[in-house]
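Breakdown of the fold
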Amino acid sequence: MYSPDQHLFVVSQEDWSLHRKGYQDQRRHQQKVKEVIKQNLPDLVTEENIIMSDGKQIIKVPIRSLDEYRFIYNYQKQKHVGQGDGDSQVGDVLGKDPTPQPGKGEKAGNQPGHDYIEAEVDIEELEEMLFQDMELPHLKQKDRDEIETQSIRFNDVRKTGMMSNIDKKRTILENLRRNATNGNPGIHGISPDDLRYKTWEDIIVPRSNAVIIAMMDTSGSMGSFEKYCARSFFFWMTRFLRRQYEKVEIVFIAHHTEAKEVNEQEFFTRGESGGTICSSAYAKALEIIDSRYPPSSYNIYPFHFSDGDNLTSDNERCVKLIDELLKRSNIFGYGEVNQYNRSSTLMAAYRYIKKEQFMYYVIKEKGEVYQALRSFFHKREGSAV
Amino acid sequence: MQDDHRELERAIAEIMEIADGFGLDYYPMRFEICPADIIYTFGAYGMPTRFSHWSFGKNFNRMKLQYDFGLSKIYELVINSNPCYAFLLDGNSLIQNKLIVAHVLAHCDFFKNNYRFSASNRNMVESMAATAERISRYELEHGTEAVESFIDAVLAVHEHVDPQLIKPQQLDKQRYMELKQREQKEKEYKYREPGRYDDLWNLDDKPKASDQKVIKIHRFPPEPEKDVVWFIQQFSEVLEDWQRDIMSMLRDEMLYFWPQMETKIMNEGWASYWHQRIVRELDLTSDETVEFAKLNASVVQPTRHSLNPYYVGLKIFEDIERRWDQPTKEEQDRFGRVPGRGREKIFEVREFDSDLSFIRNYLSKQLTEDLDLYVFEKKGPEWKITDKTWENIRDQLVLSRVNGGLPYLVVQDGDYLRTGELVLKHQYEGIELDLKYMERTLPYVNQLWGRTVHLETVVEDKKVLFTYDGKKHYRKFL
């Protein structure tokens with residue numbers, strides 16, 4: 001009764017598989033997100049969402065400067081019209097700080113978006129960016145670097161081998177080649193000469209161990225800011241070392257006037273009143289190294305965080321103990337969190353230690369944790385890896 | 001596959017027959033069935049052929065994610081063009097498509113007949129393709145980065161156009177001033193209608209010709225200029241030709257989208273009104289009837305916190321029809337309303353109104369109560385219903401649709417204190433700007449203008465002038 005030609009219309013279904021514009025621009029957006037992340041690395045290094053991520057792989061971080069900024073109204077200060085179920089009353093509470101979504105299924109493109117700028121970041125990607133130009137200084141070959149077989153991979157072709165590993169494609173190619181040179185092209189008469197076998201190789205991974213001796217001043221003068229900086233630093237340092245070594249252990253030593261080995265939780269939350277004697281931590285570190293981590297099989301990284309407020313008479317002992325520690329360690333790092341730029345007794349002494357393996361960095365604000373990491377682990381000219 | 005197509009074609013022909021019977025007047029239609037990612041691409045870009053930009057990619061990603069998680073679904077997309085393009089989601093059932101086709105025909109009728117769309121470029125699909133082509137050529141010439149960062153800046157202001165007028169292009173400052181002066185003069189002349197007492201003015205000596213010379217206007221622009229994009233494009237001293245070209249093309253695209261922003265509630269209401277009536281005329285199986293009811297309910301479902309334009313628009317149209325079909329005694333006496341003219345009236349409304357007048361004229365007391373509308377705002381940390389007076393609801397809704405729901409900005413001064421600096425003024429009507437966004441948008445304006453830019457607005461009932469000089473932000477109370 002109805003025929004399509006009475007009305008002017010067409011129904012078509014084309015092949016849209018080549019229309020990739022959405023995906024291309026999406027990729028460009030992701031690329032921009034990455035660039036912004038890279039620019040914000042110093043801020044992100046101390047981002048709480050990451051440091052407290054508890055091993056989550058994907059984390060949400062606030063990203064500044066990647067929204068589409070326009071002149072828009074302040075939603076919070078605006079009156080809006082809404083719709084109830086039929087019995088709404090003046091005074092009804094609709095919610096606390098909802099984030100109203102625009103109606104569903106509507107055509108977009110001409111409406112400005114008002115969304116939060118939170119980007120999902122893969123911690124590994126972040127590590128990739130962060131550690132891109134870092135390396136471990138002063139690596140030492142350890143005696144007990146044992147050769148270990150982890151797995152095998154097929155990566156070679158030979159003329160002899162097991163029948164079960166025969167490489168059919170290459171065998172036929174050989175046959176073709178031989179027949180062609182004999183002036184009789186084609187696949188026929190496969191002879192033992194044509195046979196090719198896949199062979200494997202063991203993948204050898206040297207076993208390597210590292211231990212971080214994390215020392216922190218937990219005396220009264222270390223506030224939450226100082227601890228947070230230290231925590232961020234150790235977070236990334238552990239991750240960095242895990243990329244270099246098969247196994248990374250971390251020992252936490254908290255100290256005020258005396259030192260004590262503690263667990264991670266205690267390490268970052270502990271607070272004690274009283275003065276500071278840093279040498280106590282160093283002595284404790286030596287004791288732990290000598291009893292549990294023989295330098296012959298461990299790469300040892302003692303790192304100490306303090307606000308620099310040490311008992312002056314203790315400084316000399318500290319310098320001496322650092323000497324001892326350096327004999328056993330790859331590097332010794334001292335990080336001082338000193339946001340008010342006070343004069344620090346400890347730095348007064350450490351400034352004169354002229355040893356390549358001894359490094360220090362003074363952190364004045366959160367963003368400098370990143371600088372500290374870079375300062376300790378930057379790529380060095382001509383250093384052996 | 002072929003059978004499905006044929007069945008769909010039969011259904012479309014039938015629906016068109018019914019639509020014609022109702023008096024809907026649409027362009028020739030081109031229905032294109034496409035996969036979800038393509039529909040979402042078009043949704044994000046607003047047009048299949050639009051230029052490339054990361055912000056569209058971001059939108060696309062967000063919309064596609066919502067689809068993948070089943071949070072939202074676009075069933076169709078319709079383009080205001082002649083012939084009219086409608087994109088149907090591959091995998092729609094036949095009954096879904098029937099509803100959508102009916103819905104789309106009504107949209108097309110609206111595009112074709114609503115007064116706001118009368119100046120629409122109906123070849124925008126091709127125009128946008130040409131724009132995209134040109135922009136990608138500029139990318140080759142000037143580098144992707146340069147073009148992209150320029151478009152970033154233009155997009156930050158591209159909503160601030162003046163849809164009322166067709167702007168002359170390529171005017172230099174002097175000719176622009178002359179034109180404005182002429183307009184001013186004509187306006188004054190026009191307002192002086194001959195009156196009974198005109199001769200009284202002539203009792204004095206006739207003024208000398210020299211006095212009649214128009215006082216030279218020193219302000220630039222002489223009157224506040226609503227079309228910020230056009231003004232910058234014309235008078236910025238730092239833009240290169242290709243940049244002016246991009247600005248003018250993006251401005252055209254904005255002007256094309258503008259009527260859609262101004263008629264969202266009406267347009268969706270109109271389409272929902274008609275898909276219901278058209279589908280009712282079809283012979284449906286009981287299964288189809290249930291499926292239709294479900295889909296229809298999900299389209300016109302009321303939402304909390306924000307208004308569903310489909311639902312509100314639909315209800316207003318139905319209310320108008322009822323009130324003109326069965327006018328009260330009073331309406332018949334006072335307004336001379338003749339019963340039974342409902343249909344006729346809604347066709348008239350779809351032709352002459354936009355959301356502003358639609359709500360102002362036709363959202364009745366009865367309807368605000370039936371729809372249980374209310375005004376809500378933030379009180380402390382809580383969002384609370386603060387008003388249920390129907391006039392206030394109506395006025396608030398009208399206010400939210402002024403200027404397409406965007407802050408109304410004008411160029412107040414293009415040569416501030418004779419320094420060549422630009423002053424934008426927010427025509428404050430009780431709603432403050434988002435200051436964080438404003439401070440991040442000003443640098444884009446600065447980039448386009450090439451000199452220090454200012455924005456005057458109102459914060460906490462005080463006039464404030466925000467300034468960005470290319471390096472730093474300043475604010476000063478006026």
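Structural notes, computed from the coordinates. Please read these numbers as outputs of a predicted model, since none were measured by experiment.

All right, on to the interface of chain A and chain B then. Contacts between the two partners involve 70 residues from chain A and, on the opposite side, 113 residues from chain B. For the chain A and chain B pair, buried surface summed over both sides reaches about 8800 Å², with 55% attributable to carbon and sulfur atoms. Together, A:Phe71, A:Gln83 and A:Leu94 form the three largest contributors to the area buried by chain A at its contact with chain B, with a combined 11%. Linking chain A to chain B there are eight salt bridges.

Turning to the packing of helix H4 (residues 123-131) of chain A against helix H6 (residues 224-244) of chain A, a few remarks are in order. Residues and elements named next belong to chain A. It is at 11 Å that the axes of H4 and H6 come closest, and there the two elements cross at 85°. The pairing of H4 with H6 is recorded here as roughly perpendicular in orientation. Contact with H4, carried on its side by Ile 123, Leu 126, Glu 127, Glu 128, Leu 130 and Phe 131, involves Trp 236, Arg 239, Phe 240 and Arg 243 of H6 and no other residues of that element. A class-by-class count of the residues in the contact of H4 with H6 yields six nonpolar, no polar and four charged.

Once that is clear, we can look at the packing of helix H11 (residues 264-281) of chain B against helix H13 (residues 309-325) of chain B. Residue and element names in this part refer to chain B. For the pair H11 and H13, interaxial distance at closest approach is 7 Å and the crossing angle is 70°. Judged on the interaxial angle alone, H13 and H11 are roughly perpendicular. Two secondary-structure elements touch here, H11 through Lys 264, Ile 265, Met 266, Glu 268, Gly 269, Trp 270, Ser 272, Tyr 273, Gln 276 and Arg 277 and H13 through Pro 309, Tyr 310, Val 312, Gly 313, Leu 314, Phe 317, Glu 318 and Glu 321. Within the contact of H11 with H13, the residues separate by chemical class into nine nonpolar, four polar and five charged.

Turning our attention to the pairing of strand S1 (residues 29-34) of chain B. Of all six residues that make up S1(B), five are buried, and the element is covered over most of its length. Where strand S1 (residues 9-12) of chain A and S1(B) come together, four bridges link them in parallel fashion. Paired with A:Ser12 across the two strands is B:Glu32, which belongs to S1(B). Bridge count between S1(B) and strand S3 (residues 84-89) of chain B: six bridges; the pairing is parallel. Across the sheet, the residue bridging to B:Glu32 is B:Phe87, located in S3(B).

Residues and elements named next belong to chain B. Across the sheet, five strands lie side by side as S6-S7-S8-S9-S10; this open sheet has mixed pairing. Among the strands making up the open sheet, the edge pair consists of strand S6 (409-416) and strand S10 (473-477). For this sheet, the mean angle separating the axes of adjacent strands, direction not counted, is 25°. Here strand S9 (residues 462-468) runs beside S10; their pairing, made up of five bridges, is antiparallel. Within the sheet, the bridge partner assigned to Leu 465 lies in S10 and is Lys 476. Contacts between helix H19 (residues 435-449) and the sheet are confined to S6, strand S7 (421-426), strand S8 (453-459), S9 and S10, with S9 contributing the most and set at about 45° to the helix.

Membership of the largest hydrophobic core comes to 74 residues, with the highest contact counts inside it found for A:Phe71, B:Phe87, B:Phe231, B:Ile232, B:Ile246 and B:Leu422. Broken down by element, the residue count for this core peaks at ten residues, all from helix H10 (residues 241-262) of chain B. Residues from two domains meet in this core; each of domain 1 (2-114 + 263-296) and domain 3 (405-477) of chain B gives at least three. Ignoring anything within four residues of it in the chain, the contact list for A:Phe71 reads B:Ala156, B:Val157, B:His160, B:Pro407, B:Leu409, B:Leu424, B:Met438, B:Thr441, B:Leu442, B:Val445 and B:Leu455. Listed in part, the 69 residues of the second largest apolar core include B:Ile12, B:Phe31, B:Tyr310 and B:Tyr311.

The rules behind these values
- Residues numbered from 1 in each chain as written.
- Chains lettered and ligands numbered in written order.
- Predicted model: local features only at pLDDT ≥ 70, side-chain atom pairs only at ≥ 80, totals over all residues.
- Heavy atoms only, no water.
- Contact = heavy atoms within 4.5 Å.
- Buried area = accessible area lost by both parts, 1.4 Å probe.
- Salt bridge = Lys/Arg side-chain N within 4 Å of Asp/Glu carboxyl O.
- Axes fitted to C-alpha atoms, helices over the stretch in contact; angles between N-to-C directions.
- Helix = DSSP H or I, 4+ residues; strand = E, 2+ residues; numbered from the N terminus.
- Parallel < 35°, antiparallel > 145°, perpendicular 65-115°, else oblique.
- Nonpolar A, V, L, I, M, F, W, Y, C, P; charged D, E, K, R; others polar.
- Buried < 20%, exposed > 50% of the residue type's maximum accessible area, 1.4 Å probe, protein only.
- Pairing = 2+ DSSP bridges.
- Core = buried A, V, L, I, M, F, W, Y, C linked by side-chain atoms within 4.5 Å.
- Domains from an automatic or database assignment.

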